Amino acid sequence: MRNRSALDKPWKIELQMVATGLSETQFRAGIASRKADLEASTSGNLDRVTESRSVGDNAHIFHVNAVNQAYSTELHMLMGGNYIVASADSYHDQFKEAEAQLIAFTRNMAERRSADTGSAAGDGYCFGALTVRGAFEKEYTTLLLRSKRHPDITIDVTSDTYAPDPTEPLLQRVEDEQSLLRRLKGDNKVIRKDELQVASMKAQEWLSWIMLGEGEERHKQYRLVLETMRPDPSPSKPLINIEMATGAVDDVGSARPLSLDEPQLVNLWDGVTRSLRPVQGKQVRP
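Peer 1: So what exactly am I meant to see when it comes to the overall build of the protein here?
Peer 2: Within the protein one finds five helices and 18 strands. Scored against the burial criterion, the 286 residues of the protein give a buried share of 40%. For the protein, the share of sequence-separated contacts (at least 6 apart) that also reach a separation of at least 24 residues comes to 52%.

Peer 1: Where do I start with unusual backbone geometry in this structure?
Peer 2: For Asp47, which is not glycine, the phi torsion reads 55° and is therefore positive. Its place among the elements puts Asp47 in the loop between helix 1 (24-40) and strand 4 (48-56).

Peer 1: Is there a simple way to explain the nonpolar core in this structure?
Peer 2: Core analysis: the largest hydrophobic core is formed by 22 residues, its most contacted members being Val198, Leu224, Ile242, Met244, Leu265 and Trp269. Elements with a minimum of two residues in this core: strand 12 (153-160), strand 13 (188-198), strand 14 (201-212), strand 15 (219-229), strand 16 (239-246) and helix 5 (262-273). Setting aside chain neighbours within four positions, we find Val198 in contact with Ala203, Leu226, Thr273 and Leu276.

Peer 1: Mind showing me how you'd approach the sheet that holds strand 9 (residues 125-127) here?
Peer 2: What holds strands together in a sheet is hydrogen bonding between their backbones, with the strands either parallel or antiparallel. The sheet built from three strands is open, its strands ordered 8-10-9 with antiparallel pairing. Because the sheet does not close on itself, it has two edges, and the strands there are strand 8 (109-111) and strand 9. Adjacent strand axes in the sheet meet at a mean angle of 30°, parallel and antiparallel pairs treated alike. Across three bridges, strand 9 lies against strand 10 (residues 130-132) in antiparallel orientation. By the bridge assignment, Cys126 is partnered in strand 10 with Thr131.

Peer 1: Please clarify how helix 2 (residues 95-106) should be interpreted in this entry.
Peer 2: Side chains of residues three or four places apart in an α-helix project in the same direction, reflecting 3.6 residues per turn. Under the 1.5 Å per step criterion, the end-to-end length of helix 2 is 17 Å for 12 residues, consistent within 8% with the ideal 16 Å. Residues of helix 2 that are buried: Phe95, Ala98, Glu99, Gln101, Leu102, Ile103, Phe105 and Thr106.

Peer 1: Can you walk me through the side chain of Gln204 in this structure?
Peer 2: Tracing the sequence through the fold places Gln204 in strand 14. For Gln204, a relative accessible area of 7% puts it in the buried group. In terms of polar contacts, Gln204 uses its side chain to reach the backbone amide nitrogen of Leu170, at 3.3 Å. A polar atom in the side chain of Gln204 sits 2.9 Å from the backbone nitrogen of Leu171. Every residue in contact with Gln204, bar those within four places of it in the chain, is listed here: Pro169, Leu170, Leu171, Asp194, Glu195, Leu196, Val225, Leu226, Glu227 and Met229.

Peer 1: Whenever I open this one, the pattern of salt bridges confuses me. Can you help?
Peer 2: Side-chain pairs of opposite charge can arise where the charged atoms are in close proximity. Applying the stated criterion across every chain yields a total of 16 salt bridges. Residue Lys96 pairs with Glu99 through a salt bridge whose shortest N-O separation is 3.9 Å. Placement of the pair is Lys96 and Glu99 together in helix 2, with a separation of three residues, close to one helical turn. Residue classification places Glu99 among the buried positions, given a relative accessible area of 8%. In this structure, Asp232 and Lys237 form a salt bridge, with 3.3 Å as the shortest nitrogen-oxygen distance. Judged by relative accessible area, Asp232 falls into the partly exposed class, the value being 40%.

Peer 1: Any chance you could explain helix 5 here in plain terms?
Peer 2: With 12 residues, helix 5 should reach 16 Å at 1.5 Å per residue; the first-to-last C-alpha distance of 16 Å fits that figure. The set of residues buried in helix 5 consists of Leu265, Val266, Trp269 and Thr273. One side of helix 5 carries all its buried residues, which in axial view fall inside an arc of 95°. Along helix 5, the residues that are exposed and aim more than 90 degrees away from the buried face are Pro263 and Asn267.

Rules of the game
Residues numbered from 1 in each chain as written. Predicted model: local features only at pLDDT ≥ 70, side-chain atom pairs only at ≥ 80, totals over all residues. Heavy atoms only, no water. Helix = DSSP H or I, 4+ residues; strand = E, 2+ residues; numbered from the N terminus. Buried < 20%, exposed > 50% of the residue type's maximum accessible area, 1.4 Å probe, protein only. Contact = heavy atoms within 4.5 Å. Core = buried A, V, L, I, M, F, W, Y, C linked by side-chain atoms within 4.5 Å. Pairing = 2+ DSSP bridges. Axes fitted to C-alpha atoms, helices over the stretch in contact; angles between N-to-C directions. Expected span 1.5 Å × (residues − 1). Polar contact = N/O pair within 3.5 Å; in protein donor to acceptor, adjacent residues only side chain to side chain. Salt bridge = Lys/Arg side-chain N within 4 Å of Asp/Glu carboxyl O. Arc of directions from axis to C-beta.

Structural data, given as structure tokens:
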């Protein structure tokens, strides 16, 4: 996300959800582990931890001098059992300003008391069980989801609030003669291609599989993709791209066997993509 300071200078703030359901003791252990990692990566005058201190209850700041007057600042916080890290890079010894920006940014974060309405905190940007309030120049999120029960399946979700739609919509891109699928010319099948409504936005989806590999390594790989279409980008109409794929590899580099058959996979896909909805009519919750 990009915030603006009193000097109208844009700050790029990266927000990461490290873990959920943590106790204060586990959070403090996480801080100690991060400090050890940072100090282990120090090399001479590069990446030196110049400051490590508490900045409030369950909040800790790290200033890392990357090189010369360039710094990386991390604010670690525990909020409702959610371990989050907000970070920003700064230059010309402006690490204190970066710290102030991060603290001000996290003060606009709150827990959502209701998953359906978002309660009083539901008028902001959804971030897991938290909400980020405020007006930002850019809001970009990327998520990678993987189930312990189905390690062969990955779900990638990206959301970019103000990005314009691609020049060519999803179905046109995948059906183009120059697309990767067309160039592979392998054994493949389109399961479903459609245009639908998702969270008050038009969207297109493409569900297919292709056979990859040779001999005993030959396997079927599924790829299911959805992308929203909106000519008027806004916080309530972000560009969302969701991709579900099978074929994740195991520890020795072989494709994992499919844990779901095709109808089950499509059912899972529909459950994920059809769950997108606006929260209090302002934001779209992935």
